[in-house]
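Topology and contacts: notes
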Amino acid sequence: MQTRNLGRTGPAVSALGLGAMGMSGAYGAADRGESIATVHAALEHDVTLIDTADFYAMGHNELLLAEALRGRDRDDYVLSVKFGMLRGPGSAFGGHDGRPEAVRNFLAYSLTRLGTDHIDIYRPARLDPAVPIEETVGAIKEMIDAGYVRHLGLSEVDAATIRRAHAVHPVSDLQIEYSLISRAVEADVLPTLRELGIGLTAYGVLGRGLISGHWTAGHAAGPGDSRGAGPRFSSGNVEHNLALVEALRRVAEAKGCTVAQLAIAWVAAQGEDIVPLVGARTRERLAEALPATELDLTADDLAEIEKAVPPGAARGDRYPSAFMSGLGVGN
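What comes next is a walk through the structure. If you're wondering where the values come from, they're calculated on a predicted model, not measured in any experiment. The residue numbering used here restarts from 1 in each chain and proceeds along that chain's sequence as written. Thresholds applied to this predicted model are a pLDDT of at least 70 for local features of residues and 80 or more for the giving and counting of side-chain atom pairs; totals over whole chains, interfaces and linings are not thresholded and use all residues. Each side-chain value is worked out from all heavy atoms of the structure, with water and hydrogens disregarded.

Re the overall build of the chain
Helical segments are the DSSP runs of H or I of at least four residues, strand segments are the runs of E of at least two, and each set is numbered from the N terminus. A tally of regular secondary structure across the chain gives 11 helices and 12 strands. Atoms considered for the radius of gyration are the C-alpha atoms alone. The globule rule reads 2.2 Å times the number of residues to the power 0.38. In terms of overall dimensions, the chain is globule-like: its C-alpha atoms have a radius of gyration of 19 Å, near the 20 Å expected for 331 residues. Dimensions of the chain, computed from the C-alpha atoms along their principal axes, are close to 55 × 40 × 40 Å. Within the chain, the proportion of its 331 residues that are buried is 56%. The contact criterion used throughout is that any non-hydrogen atoms of two residues lie within 4.5 Å. The long-range share in the chain, meaning contacts at least 24 apart out of those at least 6 apart in sequence, stands at 76%. Per-residue accessibility takes into account occlusion by the displayed protein chains alone, with areas from the Shrake-Rupley method and a 1.4 Å probe. Per element, the accessible surface of the chain, about 13,400 Å² overall, is 52% carbon and sulfur. His is not counted, nor are the chain ends, whereas Lys and Arg count as positive and Asp and Glu as negative. Just so you know, the charge point we use is NZ for Lys, CZ for Arg, CG for Asp and CD for Glu. Averaging the locations of the 31 positively and 42 negatively charged side chains of the chain gives two centres separated by 3 Å. The buried label applies to any residue whose accessible area, calculated with a 1.4 Å probe on protein chains only, is under 20% of its type's maximum; exposed applies above 50%, and partly exposed to all values in between.

What follows is the structure, encoded as structure tokens:
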């Protein structure tokens, strides 16, 4: 497994990261034993970056990772944790909390659930509009100085917010959605990151499975699968979006790889400062994703991919309308 540095100040991590959200029911029922086995398989293949959040199934995901990582050398993996998104009974979302006292509270719970004495990268999941980012980042800086956190990260914020946060404490990386069908980051955010020496961890590289090559028009999201509310999966949009996938499939077949591998490799090819996160819930999906790190895309390959899926070609927002306003950039 190749490695990449998360910005000038961040850690060296595997060129492919594992996003654990789907292991806690975000996409419907998940098998606990298979989830743990997938984490183990990732570590065995030198995947060192593991991403979670304290609100994924209200702490379930952190407890799951604690079980999967028990007995492992703490220096063998890098934990990226998001915080600040409020939940209620029944999994309802209740806004965001970036107050300094909340930062310390969330961190204390995460350390306990994860069974660790430090978190490698700690980041607010979204910007709290009621709290200046300087205050939130200042509290994380205090936790870095105290040894409970190693690096400051951000998630889903705009270029101006990145600059303000970075002025308080160096930011290692921004976590944000970036894929062939979500490219808004390219306009202002990515140039800002590169100017400041900040890395990017890209989630949603397979569009929540939409551009994985495995989703079909007749497939319906089951109980507990958040994709059922996703605009890009809705009737009328999904058919259009899957036509893009079929165009991408022809490029993948000519390249001798799967659609998922091509989509992941495209994100990785956008710069050495970018680390794609894959939300593999099974060893089978992880095994498919891993070869993407070795896939060499030529200029001709990239041109063919762009022809198959031009910027802005997808239909539908990347989140339901209620969540779009909390994003630093659009689709």
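Things to note about the nonpolar core
Within soluble globular proteins, side chains that are nonpolar tend to cluster in buried spots. Of all hydrophobic cores here, the largest spans 89 residues; its most connected members are Val39, Tyr122, Ile162, Tyr178 and Leu200. If near-sequence neighbours (up to four positions away) are discounted, Ile162 is found in contact with Leu154, Val157, Leu174, Val189, Thr192, Leu193, Leu196 and Ile198. To form a nonpolar core, buried Ala, Val, Leu, Ile, Met, Phe, Trp, Tyr and Cys residues must be joined to one another through side-chain atoms within 4.5 Å. Within the second largest apolar cluster, 11 residues are counted, among which are Leu6, Ile121, Met324 and Leu327.

A word on the packing of helix α7 (residues 237-255) against helix α10 (residues 299-308)
Packing of α7 against α10 brings their axes to within 8 Å, and their N-to-C directions diverge by 160°. By the criterion of interaxial angle, the relationship of α7 to α10 is roughly antiparallel. Seen along the crossing, α7 lies across α10 with a hand that is right-handed. Contact with α7, carried on its side by Leu244, Ala247, Leu248, Val251 and Lys255, involves Asp301, Glu304, Ile305 and Ala308 of α10 and no other residues of that element. Tallied by class, residues from the contact of α7 with α10 come to six nonpolar, no polar and three charged. The convention used is that axes are lines fitted to C-alpha atoms, helices contributing only their stretch in contact, and that angles between N-to-C directions extend from 0 to 180 degrees. Under this scheme an angle from 65 to 115 degrees is roughly perpendicular, one under 35 degrees roughly parallel, and one over 145 degrees roughly antiparallel; angles in between are oblique. For any pair of crossing helices, the crossing counts as left-handed if the nearer helix is rotated counterclockwise from the farther one by less than a right angle, and right-handed if it is rotated clockwise. Lys, Arg, Asp and Glu make up the charged group, whereas Ala, Val, Leu, Ile, Met, Phe, Trp, Tyr, Cys and Pro make up the nonpolar group; the residues left over, Gly among them, are polar.

Description of the packing of aromatic side chains
Note on aromatic contacts: the rings of Phe and Tyr and the six-membered ring of Trp form a pair at centre separations within 6.5 Å, being stacked when their planes are under 30 degrees apart, edge-to-face when over 60 apart, and tilted otherwise. All chains considered together, the criterion is met by seven aromatic pairs. Between Phe55 and Tyr56, the aromatic rings sit 5.3 Å apart at their centres with planes inclined by 80°, giving edge-to-face as the arrangement. Take Phe55 and Tyr56: they sit in the same class, and that class is buried. Judged by centre distance (4.5 Å) and plane angle (20°), the rings of Phe83 and Tyr122 are stacked. Of this pair, Phe83 sits in strand β5 (residues 78-83) while Tyr122 is found in strand β8 (residues 119-124), placing the two residues 39 residues apart along the sequence. Across the pair, Tyr122 and Phe83 agree in class, each one buried. Connected via pairs of aromatic rings, a cluster forms that spans Phe83, Phe106 and Tyr122. When the ring centre of Tyr319 is taken as reference, the NZ or CZ atom of Arg208 above it lies at 4.6 Å. Placement of a positive charge over a ring is assigned whenever Lys NZ or Arg CZ falls within 6 Å of the ring centre and within 35 degrees of the normal to the ring plane. Seen from the ring of Tyr27, Arg227 lies directly overhead, with NZ or CZ sitting 4.5 Å from the centre.

Quick word on the environment of Val278
As for its position among the elements, Val278 is in strand β12 (residues 274-278). Separated by 74 residues in sequence, Val278 and Gly204 place their C-alpha atoms 7.4 Å apart. Those residues in contact with Val278, other than ones at most four positions away along the chain, are Leu16, Gly17, Leu18, Gly19, Val205, Ile264 and Ala289.

Looking at the layout of surface pockets
Of the grid points, spaced at 1 Å and generated over the protein atoms alone, those admitting a 1.4 Å probe that cannot get out make up cavities, while open sets with protein on both sides within 12 Å along at least five of seven lines make up pockets; any residue with an atom within 4 Å of a point is treated as lining. Grid points are joined across faces, edges and corners, and a volume is the space filled by probe spheres set on the points. Put simply, the second largest pocket is a space of about 220 Å³. Along its surface, the second largest pocket is lined by 16 residues, and Arg4, Ala265, Ala268, Ala269 and Leu295 are the ones closest to its centre. The element that contributes the greatest number of residues to the lining of the second largest pocket is helix α8 (residues 259-268), accounting for three residues. Of the residues assigned to the lining of the second largest pocket, the class counts are 10 nonpolar, three polar and three charged.

Quick notes on helix α5 (residues 159-168)
Working note: α-helix, 3.6 residues per turn, so residues spaced by three or four point in the same direction. Restricting attention to buried positions, one finds in α5 the residues Ala159, Thr161, Ile162 and Ala165. Each buried residue of α5 sits inside an arc of 155° when the element is viewed along its axis, so together they form one side. Looking at the buried residues of α5, the elements they touch are α4 (133-145), β9 (149-155), β10 (171-177) and α6 (189-196). As used here, the arc is the angular range of directions from the helix axis to the C-beta atoms.

Section: the sheet that holds β5
What links the strands of a sheet is backbone hydrogen bonding, and the strands pair in either a parallel or an antiparallel sense. What makes two strands pair is DSSP finding at least two bridges between them. As summarised here, the arrangement of the eight strands in space is β3-β4-β5-β8-β9-β10-β11-β12, forming a closed barrel in which the pairing is parallel. In this sheet, adjacent strand axes meet at a mean angle of 30° when their direction is disregarded. Pairing of β5 with β8 involves four bridges; the strand directions are parallel. Paired with Ser80 across the strands is Ile121, a residue of β8. Along the sheet face, helix α3 (residues 100-114) touches β5, β8 and β9 and points at about 140° away from the line of β8.

Remarks on the pattern of salt bridges
By convention in these notes, a salt bridge is any Lys or Arg side-chain nitrogen within 4 Å of a carboxyl oxygen on Asp or Glu. All chains considered together, the criterion is met by 24 salt bridges. A salt bridge links Arg104 to Glu142, with the nearest nitrogen and oxygen atoms 3.3 Å apart. Highlighted residues: Arg104 in helix α3 and Glu142 in helix α4, separated in sequence by 38 residues. Given a relative accessible area of 34%, Arg104 falls into the partly exposed group. Here Glu142 falls in the partly exposed class, since its relative accessible area comes to 43%. Put simply, Arg163 and Glu195 hold a salt bridge, and the shortest N to O gap is 2.6 Å. Here Arg163, found in helix α5, pairs with Glu195, found in helix α6; they are 32 residues apart in sequence, far enough to count as distant.

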